[in-house]
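Geometric and topological summary
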Amino acid sequence: MTRFPIRAAALLALGVSAVALSACGHTIEQKAATGAIAGAVVAGPVGAAVGGVAGAAVGHIDKPH
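Here's a quick rundown of the structure. (Residues numbered from 1 in each chain as written. Predicted model: local features only at pLDDT ≥ 70, side-chain atom pairs only at ≥ 80, totals over all residues. Heavy atoms only, no water.)

1. Remarks on the overall build of the chain
Each helix and strand counted, the chain has two helices and zero strands in total. Counting contacts in the chain only where the partners sit at least 6 residues apart, residues at least 24 apart contribute 42% of the total. Element-wise, carbon and sulfur atoms account for 76% of the exposed surface of the chain, whose accessible area totals about 4600 Å². (Helix = DSSP H or I, 4+ residues; strand = E, 2+ residues; numbered from the N terminus. Contact = heavy atoms within 4.5 Å. Areas by Shrake-Rupley, 256 points an atom, 1.4 Å probe, with all protein chains shown as cover.)

Given below as structure tokens:
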């Protein structure tokens, strides 16, 4: 019974760190690539896709108008 909360907390912490790493880089492409790599380390191919999207989103948000 205690394994599920520990595993959920670990996955949540890894997910948050993947999103935080997606903010690294100067261009949108760099942020997307960094997010994809971090996501792949955390959750495999699905994590890579989510990390890449998160990195691209952060890149567009930080883009000067």
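The structure having been displayed, the exposition proceeds.
2. Describing helix α2 (residues 28-62)
Helix length check: α2 (35 residues) gives 9 Å between terminal C-alpha atoms against 51 Å at 1.5 Å per residue, more than 12% under. The sharpest bend along α2 comes to roughly 150 degrees, located at Ala43, with the proline Pro45 sitting one to four residues further on. Buried residues of α2: Lys31, Ala32, Gly35, Ala38, Gly39, Gly47, Gly51, Gly52, Ala54, Gly55 and Gly59, and no others. (Expected span 1.5 Å × (residues − 1). Bend = angle between axes of the 7 residues up to and from the residue. Buried < 20%, exposed > 50% of the residue type's maximum accessible area, 1.4 Å probe, protein only.)

3. Side note on the environment of Lys63
Inspection of the secondary structure assignment puts Lys63 in the segment after α2. In this structure Lys63 comes out as partly exposed when scored by relative accessible area, which is 43%. Along the sequence, Lys63 and Thr27 sit 36 residues apart, while their C-alpha atoms lie 8.4 Å from each other.

4. A word on the environment of Glu29
Structurally, the position occupied by Glu29 is in helix α2. We classify Glu29 as exposed; its relative accessible area is 59%.

5. Examining the environment of Gly35
Mapped onto the elements, Gly35 comes out in helix α2. Remark: the alpha-carbon pair of Gly35 and Val53, spanning 18 residues in sequence, is separated by 7.6 Å.

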